[in-house]
Amino acid sequence: MTPVVEMRGVTKVYRSGSSTRTVEVHALSGVDLVIYPGEYVALMGPSGSGKSTLMHIIGLLDSPTEGQYSLGGEPVRGLGEAQLARIRNQRVGFVFQAFFLLPRLTALHNVALPLVYRGLPAAERLKRARKALESVGLGDRLDHLPSELSGGQKQRVAIARALVQEPDLLLADEPTGNLDSKSSDEIMELFDALHRQGKTIVMVTHEPDVGARAKRIVRLRDGKVADGGMA
Amino acid sequence: MGMNPLENFRMAFESLWGNKLRSFLALLGIVIGVFAVTAMISLGQMATAGITQDLEAVAGRSIFVQPNFNEGQDFSSAPIREEDLQALQALPVTVIPQLFTSIQYESKPGERRSMQLQGTPGDLPKLDPTNKIARGRYFTDLEARGGLAVAVLSDRAAKDLFPGREAVGQVARLYYPGGARIDLTVVGVLEPPSGIFGGFGSSATVYTPIQLIWNTSPTARRGEYAFVILPLKKGADAQQVTRQVQRIFESRYGKGKYQVQSTESFQGTLRSVTLILQALLGAIAGLSLLVGGIGIMNIMLVSVTERTREIGLRKALGATSGQIRQQFLIEAVVLTLVGGLLGVVLAAGLLLLITATVPFFKVYILSPTTVFLALAVSALVGLFFGVWPAARAAALDPIEALRYE
Ligand SMILES: Nc1ncnc2c1ncn2[C@@H]1O[C@H](COP(=O)(O)OP(=O)(O)O)[C@@H](O)[C@H]1O
Ligand SMILES: [Mg+2]
């Protein structure tokens, strides 16, 4: 079976500072990671260990300084900006800690947003968005603005926005970090359900009980995989 | 793949509508700029039309022939003769020869003032409809040929000669500068010229038969006229007939002795003067557009900074840099276009108000070309001043934008 994510020796170095004195931060050094379709992986580790950086590289928002990375069997090295954008649009669904909903759009239009960049007609976009919202239990909140929704509901809208893309991979960066424990449980149950439906999920978290729901835990320490990199 | 460009317009409207107050303030510069440019251009066109109409009412479509004063000629060295009139009869014009001389009247016992005595054919209003009778009548062709002592007064002359009295029916007592006296029975008074020419066009003139001046003036020579007015017949081409008249006088007397002018050439001069004025005012108004454009750029830059999150999110969801650039460019263009539209509407309102209240502006002109130009320029301003903010939005790194602090 072709892995969804296949990384070999991925390194990410951030350079900052002036021309006379540059500071190098090795956010990732030599990461090997393989994730197969249908897996539910928790990415854990202390703050600053490189979890978000790894997630951004997996989701093609960032590129490795060194090493090989293939998404769905396709090497991403050398792809142009527009090609990366297209792959993001069709194969990767993001869920962020801070939801990142557009405040002036209704839940329905927020969810339909990724489909705008596929050139789908408006009616089709809204039809699919409605279905996605119904699948996360928000069929009765279509026309609500984000400000009219609770934190848990906002995150469910964000998940619906990722689902509407029908991605190969769901990437969630601390999706419960901004939620109370009751909403957290609801969101985690939603991810469990998505996993049962066969979705591939990678979730960054530093909460052990959240990580415990995943079927596999990858631990990062100082930019290296300490545990669980290979299935 | 790829998105419908209309989608960007819809998004632009949504985002501008979501920020009504700011959008409106950003628009203001463009509104004022487009308003100024549109109003300037249209007012210029309306002024030209107004002056042209006034001129036509005063002078009609005519050709004038007179001695070429620029070349040192005068009424005695270059008079217009009977045989010249014969030659002119062949052209599509009415031939109205005229003669004038200075005359005096007694304003108070012992005090004499000058006015103009003008000899014309009879029934002048029929020959040249720009002359209109206010009271009484014009002297007839028969009276003119007979050289009868009759007169028609200009509005001013009637007031000067018979202050506070009805002039028609009175006898005007006039003196040639040499001393000879003539008594003329006033049979009519003319209407004052209309429009802006009314102010300076109404000179004190006494109209009388040419024959009478020839009979009585110590200086006028029988068979010679001072100038000739040639109102064009319907359908006659002013330029072509002007050239024909010129040729007649040149072949008889050589170049430079007579001056031939048409009201049309005068209008041409007028038009080029207003065009220069329009261009100048337009340029000044254009400056306000520039200022408006810089305002748009400023607002767009603020908007890009404020919407860093949104831009990062859109990129994460699959927007290319090109699509982000397009979105912000279209936002800028929609902003300036709406501003331009408001500016045009305001200008249209002002022009309507001006035509309704200022008598000089008789016709309302807002040409489709002006409207199209105004809108095209506003769109271009948006495009031009939107380029930099849009480029900044497109260059934004989504990771930086989405970093949650
Ligand atoms: N753009 C950047 N420039 C410099 N250093 C960065 C940048 N992004 C992340 N880092 C550094 O890389 C390391 C890993 O960051 P991150 O992936 O956000 O960690 P985590 O998500 O596990 O908390 C940190 O030391 C962080 O300061
Ligand atoms: Mg992080």
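Residues numbered from 1 in each chain as written. Chains lettered and ligands numbered in written order. Predicted model: local features only at pLDDT ≥ 70, side-chain atom pairs only at ≥ 80, totals over all residues. Heavy atoms only, no water.

1. Regarding unusual backbone geometry
Phase 1 of the analysis: In this model, Glu-166 of chain A sits at a positive phi of 50°, which is unusual for a non-glycine residue.
Phase 2 of the analysis: The class for Glu-166 of chain A is exposed, based on a relative accessible area of 60%.
Phase 3 of the analysis: Of note in the backbone geometry, Asp-123 of chain B takes a positive phi value of approximately 50° without being a glycine.
Phase 4 of the analysis: Mapped onto the secondary structure, Asp-123 of chain B falls in the loop between β4 (111-120) and α4 (124-127).
Phase 5 of the analysis: According to the relative accessible area criterion, Asp-123 of chain B is partly exposed, its value standing at 24%. (Buried < 20%, exposed > 50% of the residue type's maximum accessible area, 1.4 Å probe, protein only. Helix = DSSP H or I, 4+ residues; strand = E, 2+ residues; numbered from the N terminus.)

2. Considerations on the pairing of strand β1 (residues 5-17) of chain A
A regular strand places its side chains on the two faces of the sheet in alternate fashion.
All names here are of chain A.
Phase 1 of the analysis: Both β1 and strand β4 (residues 66-71) contribute to a ladder of 5 bridges, which runs antiparallel. When the bridges of β4 are listed, Val-5 appears paired with Leu-71.
Phase 2 of the analysis: With 10 bridges joining them, β1 and strand β2 (residues 22-35) adopt antiparallel strand pairing. Pairing of Ser-16 across the sheet is with Val-23, part of β2.
Phase 3 of the analysis: As consecutive antiparallel partners, β1 and β2 are separated by 4 residues. (Pairing = 2+ DSSP bridges.)

3. Section: helix α2 (residues 81-91) of chain A
Phase 1 of the analysis: Listing the buried residues of α2 of chain A in full gives Leu-84, Ala-85, Ile-87, Arg-88, Asn-89 and Arg-91 of chain A.
Phase 2 of the analysis: At its buried positions, α2 of chain A is contacted by β4, β5 (74-75), β6 (92-96), α3 (107-116) and β7 (169-173) of chain A together with α11 (308-316) of chain B. (Contact = heavy atoms within 4.5 Å.)

4. Side note on the confidence of the model for chain B
Phase 1 of the analysis: Mean pLDDT over chain B works out to 87, with 95% of the residues at or above the 70 mark.
Phase 2 of the analysis: Across chain B, element-level confidence peaks in strand β6 (residues 150-153) of chain B with a mean pLDDT of 96 and bottoms out in helix α7 (residues 197-201) of chain B with 53. (pLDDT = per-residue confidence, 0-100.)

5. Here we look at the nonpolar core
Phase 1 of the analysis: Grouped together as the largest cluster of nonpolar side chains are 77 residues, with contacts concentrated most on Met-7, Leu-54, Ile-58, Tyr-69 and Leu-71 of chain A.
Phase 2 of the analysis: Ranked by residue count, the leading element in this core is helix α12 (residues 321-357) of chain B, at 8 residues.
Phase 3 of the analysis: Among all residues touching Leu-71 of chain A, those that are not within four sequence positions of it are Val-4, Ile-58, Leu-60, Val-76, Ile-87, Arg-91, Val-92 and Leu-169 of chain A.
Phase 4 of the analysis: Membership of the second largest hydrophobic core comes to 59 residues, among which are Val-187, Tyr-207, Leu-230 and Val-245 of chain B. (Core = buried A, V, L, I, M, F, W, Y, C linked by side-chain atoms within 4.5 Å.)

6. Let's talk about the interface of chain A and chain B
Phase 1 of the analysis: The partner chain B presents 26 residues to the 28 residues of chain A that form the contact.
Phase 2 of the analysis: At the surface where chain A touches chain B, the tally comes to 0 salt bridges.
Phase 3 of the analysis: There are 4 residue pairs in polar contact (both at pLDDT 80 or more) connecting chain A and chain B.
Phase 4 of the analysis: When residues of the side of chain A that touches chain B are traced back to their parent elements, those giving at least two are α2, β6 and α3 of chain A.
Phase 5 of the analysis: The greatest single-element share of the side of chain A that touches chain B, amounting to 7 residues, is contributed by α2 of chain A.
Phase 6 of the analysis: Split into classes, the residues belonging to the side of chain A that touches chain B amount to 13 nonpolar, 7 polar and 8 charged. (Salt bridge = Lys/Arg side-chain N within 4 Å of Asp/Glu carboxyl O. Polar contact = N/O pair within 3.5 Å; in protein donor to acceptor, adjacent residues only side chain to side chain. Nonpolar A, V, L, I, M, F, W, Y, C, P; charged D, E, K, R; others polar.)

7. Description of the sheet that holds β1 of chain A
Phase 1 of the analysis: With antiparallel pairing, 4 strands are arranged side by side in an open sheet as β2-β1-β4-β5 (chain A). At either margin of the open sheet sits one strand with a lone partner, and together these are β2 and β5 of chain A.

8. Quick look at the sheet that holds strand β3 (residues 40-44) of chain A
All names here are of chain A.
Phase 1 of the analysis: If you trace the 6 strands from one edge of the open sheet to the other, you get β6-β7-β8-β3-β9-β10, paired in mixed fashion. Either end of the sheet is taken by a strand with one partner, and the two such strands are β6 and β10 (224-227). The mean angle between the axes of side-by-side strands here comes to 25°, regardless of whether they run parallel or antiparallel.
Phase 2 of the analysis: As defined by bridge partners, β6 adjoins β7 across 5 bridges and the pair is classed as parallel. What sits directly across from Phe-96, in β7, is Asp-173.
Phase 3 of the analysis: Docked against the sheet, helix α1 (residues 51-58) engages β3, β7, β8 (201-204) and β9 (216-221), running at close to 155° with respect to β7. (Axes fitted to C-alpha atoms, helices over the stretch in contact; angles between N-to-C directions.)

9. Topic: the environment of Lys-20 of chain B
Phase 1 of the analysis: Its place among the elements puts Lys-20 of chain B in helix α2 (residues 20-59).
Phase 2 of the analysis: The spatial distance from the C-alpha of Lys-20 of chain B to the C-alpha of Thr-305 of chain B is 18 Å, given a sequence separation of 285 residues.

10. Digging into the site of ligand 1
Phase 1 of the analysis: Among the 13 residues in the neighbourhood of ligand 1, the closest are listed as Gly-48, Lys-51, Ser-52 and Thr-53 of chain A together with Arg-403 of chain B.
Phase 2 of the analysis: The site occupied by ligand 1 is bordered by residues of chains A and B.
Phase 3 of the analysis: Within the backbone of Gly-48 of chain A, a nitrogen or oxygen atom sits 2.8 Å from an oxygen atom of ligand 1.
Phase 4 of the analysis: Between ligand 1 and Glu-400 of chain B there is a distance of 3.4 Å, counted from a nitrogen atom to a side-chain nitrogen or oxygen.
Phase 5 of the analysis: About the coverage of ligand 1: the protein hides 71% of its 560 Å² of free accessible area.
Phase 6 of the analysis: Secondary-structure elements contributing two or more residues to the shell around ligand 1 are β2 and α1 of chain A.
Phase 7 of the analysis: Tallied by class, residues from the shell around ligand 1 come to 4 nonpolar, 6 polar and 3 charged. (Near = heavy atom within 4 Å. Areas by Shrake-Rupley, 256 points an atom, 1.4 Å probe, with all protein chains shown as cover.)

11. A short note on a nonpolar patch on the surface
Residues and elements named next belong to chain B.
Phase 1 of the analysis: A contiguous nonpolar patch, built from Leu-6, Phe-9, Phe-13, Val-338 and Leu-342 and spanning about 450 Å² of accessible area, is present on the exposed surface.
Phase 2 of the analysis: Put simply, the parts of the chain that give the nonpolar patch at least two residues each are α1 (5-17) and α12.
Phase 3 of the analysis: Considering the arrangement of structural elements, one finds Phe-9 in helix α1. (Patch = residues over 30% accessible without salt bridge, like charges linked within 9 Å, V, L, I, M, F, W, Y side chains within 5 Å.)

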